[in-house]
Each structure stands twice: as C-alpha cells, then as structure tokens.
Amino acid sequence: METLNIKNILKRTASYSLISASLLLASSCENALQEDVISQIGTEYLNTPKGIEDAVNAAYSTMRVWYGTERGNNLTEFGTDIYTNGADGAWKFMNTYTNQFDTQNGHVRELWDELYRGINTANSVIDRAPEVSGLNEGVRSQRIAEAKFIRAHHYFLLVQLFGPVELRMNETTIPTNEVSRTPESEIYAAIIQDLEEAIPNLEDKSASSDYGRATKYAAEHLLGRVYVTKATSSSAAGDDYSKAENLFKDVINNSGLRLLDDFAEVHAFGNEINDEIIWSVQYTRSPLTNGGGNNAHVFFLMEYDTQPGMIRDTENGRPFKRYRPTVYALETVFQNRENDSRYKKSFKDTYLSNRPGTYNSTFDQTKSSLTFAQGDTTMFLPGFEMSEEEMAKRPYQVLVPSRYDEKLFPALTKHLDPGRVDRTQFQGGRNYLAMRLADTYLLLAEAQFRQGKIAEATETINFVRRRAAWPGREAEMEITPDQFTFEFLMEERARELTGEQTRWLDLKRWGNLVERVRLFNPQGAPNIQDFHVLRPIPQNQIDRAQGGESAFPQNPGY
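Now for a description of the structure that goes with this document. (Residues numbered from 1 in each chain as written. Predicted model: local features only at pLDDT ≥ 70, side-chain atom pairs only at ≥ 80, totals over all residues. Heavy atoms only, no water.)

### Some thoughts on the overall build of the chain
Thought 1: Helices and strands together make up the secondary structure of the chain, namely 22 helices and eleven strands.
Thought 2: At 24 Å, the chain has a C-alpha radius of gyration in line with the 24 Å of a compact globule built from 558 residues.
Thought 3: Its C-alpha atoms put the chain at 75 × 55 × 50 Å along the principal axes.
Thought 4: A buried classification covers 61% of the 558 residues belonging to the chain.
Thought 5: If you take every contact in the chain between residues at least 6 apart in sequence, the share linking residues at least 24 apart comes to 72%. (Helix = DSSP H or I, 4+ residues; strand = E, 2+ residues; numbered from the N terminus. Rg over C-alpha atoms; globule rule 2.2 N^0.38 Å. Buried < 20%, exposed > 50% of the residue type's maximum accessible area, 1.4 Å probe, protein only. Contact = heavy atoms within 4.5 Å.)

### Here we look at the sheet that holds strand E5 (residues 350-352)
Thought 1: Strands sit in the order E5-E8-E9 across an open sheet of three strands; the sheet is mixed. A single partner strand is all that each edge strand has here, and the edge strands are E5 and strand E9 (397-398). (Pairing = 2+ DSSP bridges.)

### Focus on the layout of surface pockets
Thought 1: For the largest pocket, the calculated volume is near 530 Å³.
Thought 2: Along the walls of the largest pocket sit 24 residues, with Glu315, Asn316, Lys348, Thr413 and Leu416 positioned nearest its centre.
Thought 3: Listed by contribution, the elements that provide at least two residues to the lining of the largest pocket are helix H11 (263-266), helix H14 (342-346), strand E4 (347-348) and E5.
Thought 4: Residue classes in the lining of the largest pocket are distributed as nine nonpolar, seven polar and eight charged. (1 Å grid on protein atoms, 1.4 Å probe; cavity = no way out; pocket = protein on both sides within 12 Å on 5 of 7 lines; lining within 4 Å. Points joined across faces, edges and corners; volume = space filled by probe spheres on them. Nonpolar A, V, L, I, M, F, W, Y, C, P; charged D, E, K, R; others polar.)

### Brief notes about unusual backbone geometry
Thought 1: Positioned with a positive phi, Tyr97 is a non-glycine residue whose angle comes to about 60°.
Thought 2: Looking at the element boundaries, Tyr97 is found in the loop between helix H5 (93-96) and helix H6 (106-128).
Thought 3: A relative accessible area of 2% means that Tyr97 is categorised as buried.
Thought 4: One non-glycine residue, Lys321, lies in the positive phi region at around 55°.
Thought 5: Tracing the sequence through the fold places Lys321 in the loop between helix H12 (296-299) and strand E3 (323-325).

### Thoughts on empty space enclosed by the protein
Thought 1: One pass over the full model with this rule turns up six cavities of 30 Å³ or more.
Thought 2: When its volume is computed, the largest cavity comes out at roughly 300 Å³.
Thought 3: Lining the largest cavity are 20 residues, with Tyr67, Arg225, Ala434, Gln501 and Thr502 sitting closest to its centre.
Thought 4: At the level of elements, helix H7 (137-162), helix H9 (216-230) and strand E11 (432-436) are the ones that each hand at least two residues to the lining of the largest cavity.

### Here we look at the pattern of salt bridges
Thought 1: Applying the stated criterion across every chain, the model contains 53 salt bridges.
Thought 2: Where Lys414 meets Glu500, a salt bridge forms, and the shortest distance between an N and an O atom there is 2.7 Å. Remark: Glu500 occurs in the loop between helix H19 (486-497) and helix H20 (503-510) and Lys414 occurs in the loop between strand E10 (411-412) and E11; sequence separation between them is 86 residues.
Thought 3: With a relative accessible area of 8%, Glu500 lands in the buried category. (Salt bridge = Lys/Arg side-chain N within 4 Å of Asp/Glu carboxyl O.)

### Some words on the packing of aromatic side chains
Thought 1: On inspection of all chains with the given rule, the structure shows 29 aromatic pairs.
Thought 2: Aromatic pair Trp112 and Phe162: ring centres 5.1 Å apart, planes at 85°, arrangement edge-to-face. Of this pair, Trp112 sits in helix H6 while Phe162 is found in helix H7, placing the two residues 50 residues apart along the sequence. Summarising the burial analysis for this pair, Trp112 and Phe162 share the class buried.
Thought 3: Where Phe484 meets Phe488, the ring centres are 6.4 Å apart and the plane angle is 55°; that geometry is what we call tilted. Here Phe484 and Phe488 have matching classes, each one buried.
Thought 4: Three or more aromatic residues joined by ring pairs make a cluster, and in this case those are Phe78, Tyr83, Phe299, Phe300, Phe320, Tyr323 and Phe426.
Thought 5: Above the plane of the ring of Tyr351 lies Lys348, whose end atom (NZ or CZ) is 5.2 Å from the centre.
Thought 6: Cation over ring: Arg535 sits above Trp504, and NZ or CZ is 3.9 Å from the ring centre. (Phe/Tyr/Trp six-rings, centres within 6.5 Å; stacked < 30°, edge-to-face > 60°. Lys NZ or Arg CZ within 6 Å of the ring centre and 35° of its normal.)

Bear in mind that shape data such as this cannot, by itself, settle questions of function.
Given below as structure tokens:
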C-alpha cells in the first residue's frame, strides 16, 4: 500500500495496524503475549475492550522494524569504531558513508513509516481507552501506560536518528499533508512526560502468560537513557544525569533482576527469558505471526561453510558476512583475554567438522592436506599471531589475525539461532534482548562519571567487570578510580554490548562518532562528515508534505 506522507502514515488507525502487523510472540504461546491475526475490522472496533487490547498488541509489533533486523543493525553497528563491513550485502555504503547513503535510503524510509504507524496506534489507545466501557480500570490504566511507553520509545529513536521530527500526540484519522519539524526540546519533553506518566501504572514484572509487555523497570531504564542522551543534546538540563542516576539505581536495587553469574548464559539459546533481562522484543516460530523474524543470527558470521570439513548447518548459522569486527575492537577493546571472558564468550574460535573427508588447505599454508572425521576441529582462531612452527603442529587450519579479511573473521555468537527449521531459514524466532541489567549498570556508571562521582562510578562498573571475569580472576578485573577514564567507559560498553544495537547511538550521544570512525574504521574514515551524526529524512516524506522542503526541511548534507 502506498504511503502518502507522514500524516498519511499517522492517519492509519489502529484497525489498519492490526491487519498489517500483529503482536509480538515468544517461542511458546504459553509464555508470551497472545497474538491473533485480525482483518476486515472498522474503526469502531477500537472502542471496545477487545479492540483496545488488540491495538496495544499491534503497537508492540512495530518494535520488530528495529530489533534484530538488518535495518536496525545497519543503523547501529555499521559505521562505528567496532564494526565495519564484511564481504556481502548491498548496504555497505551505510558503513562507508558514501553518497549512496542518501534520501532514498530504503531502511530509513521503512523505519520512519513503521515507527509512525506504531505511534498512531499508540495514540489511538491513549485517546480512546478512557471512554471505552466494560474495560477493567486496572487494565485500562496499564494499557494506556504501555501505549505511552511504546510512543516514547519510538519518538526517542526518531529524535536520536533524525533530530527534530513531526510530533503528533493524538490519533490522526484524516489524511493531511500539513507537517512540520518539532524542536528537539519539545520532543524530549513529550517523551519524558509519557514515561513519567506510564511508570506508576505499569506492572513491576510481566506475568509469565504476558511476557514481553513493558514493565515499570523497562520504562525507568528507558527514561534513564533518555536523560543521559538528552544531557549531551541541545536540550540538556543541569539535572539530567542526577535524574538518570536515580532511575538506574531503582532498576538495579528494586526490580528483583540480577546479573547472571556467567556472561555466556545471558545470550545462550533457549535462555532468552532470564533474570538479567529487563525487557525483550518477542518473536515466534510461527510463519503466520513472526513477520520478518529476528534475523540478527545471519549478519555477524564469517564464511565458515566453504572451508575444508565444513558445510552450512543450523548450529553454526547462515553466514551473510555483513558485519566484521574492526582491528580496534579485536586488539584493543578485547585485549585482556587472560582475565576477561567476554572475548571467548562473544566470538566463535573453534569449528568442528560436519563434513568428514580429506581436503586441501585453503588459508593455512603450513599444511597441504587435511583429513577430518565427524566432530574433529577443522578451524581454530587463536585471536593472536601464532608462529608457523606452532601452526604446523595443529591437525587443522589456524586462522590468525593477519589472515582476517572480509570473509574470514571472528563470528559473533550472541544471536545464533539453531532452532530454525533448516540451514537456509532467514526468519529467526529468538526473542531480541532489548534491555538488560548490565546495560543499566554501565549507564549508571556513565551518569555518575559525568557528575564527577568517580568512586561511585568505579564501584558500579566493577559489578559488570567482576561478572565478566574468568573464575578466580575477579580481583584482576576490578579497576580503581584513577583508572576510570571516559575512554575506559567507552571500551567497557563495547566489551559488554558489542552487536546489541547500541554502538552508533552511543557514539552519537558522546559526540565523537566522526572522530572515532576516522580513527578506527578504515572503510568509513575517508567519507564520514560532521553531518552524518543525523540520518537523512526520507525524500518521499518531504516530497509529499505541503510546502515541500520549506515546510519539512531535509537534514544538512543530504
């Protein structure tokens, strides 16, 4: 269906959203929000208790445009200091910042459209729910609060990516092309008001039968991040960091959540519902309700399946070779592997044969032929340069850093999805872990550091570092206040959150995106300019606005 303009997106009522996008679902229907596919309904359906329920569910479904998609990852992992492009894909220009990254960009257009569709669905709930008869008062308050959480979430993404955007806080049902860009200060004020009003009416914890709904602590975590981000924006206020600190402390101290003992368990397949997860976006194995699926499992993998002794399988994943760690990420961020387990537990270093036979060596020239039985090691990535003498002793190929290229590099394992029906399936079904407690600790440390509370910030960050330690190395992982620098904080966020759709937004917030891409991303360095701290407004939005660019101006540089 053609989208006419932003207001035409906004005018799509929740009933349309229910047709086009249904609710997020976890792997098991017993442990997730219930999802129904609904069609051929009119606007009056929204004035019923069931209509309100389905509208909220439809609004949640628009989260899937961002989390676990190539779209979301291209806008957060590409073009940063820790990830650059691999061999494949048509979107490399989003890493290299060439002039192909323009106003016709399909990813920003799709994101813009779907986020505004979600916003208007949330608006319809907020406007209509107070007047719906037969709706339990507790449920009414909670669903309105959830809609405000979703609306705030979407506007927060929009303002970070695009700057001033159209702020619409009521349901739009009649098409209009009268649009304007609302100042950032007003957008931040609306986001903060939504979350402050939502927090008292959200449950402390999602019921197991409704897992995936926004909770009080998800809203507090999000609001804290809003304040930390606002603090470095044109809308900064002197108390932004102190407000963020209080919110993060409440999540840590009162949510009942905890850091898991083992970093590897946080992202372990089948453990998506665990005590560290504040809020996750729900996916399902059903092709009817899963939409495009959680596709993060394909993007961070190397080309293992053409190597001796290997064939593609569901366990090792379908390697799209989109995102490759930078040298800075591997050699500086993850340098301390003796004490810190996160390199070993984030990247795959060993491949076991699933295609027995005898083969010629491909990249390891210390041996000519290789013979593998089922389950034998075929490749090992030590993560450091190894002498040819030592490599020759190994009955498998050794991939050392000097041989890394756009096809062969350490593969991130956080998103692997062996639960897919076969090795070619693209639509993954794992929940996407959108907010977790380790991030809360790191954001708290950032807020404390920015206030000059270095001792407190050090204590906070050491919680995360002790958990990351190899057993018995906890003391070695602790830092002292004199070791806490902002550079250290930036690297710590990379160690903990690599591949989790945070990095571009972090660099944007810190005001050093351009500087760090030039320093650490050789593919992106030649072309990135100061204006790249904002993404282009979709051209079709501007073309269809009354008054064109004079009414809805494009971001500078595009």
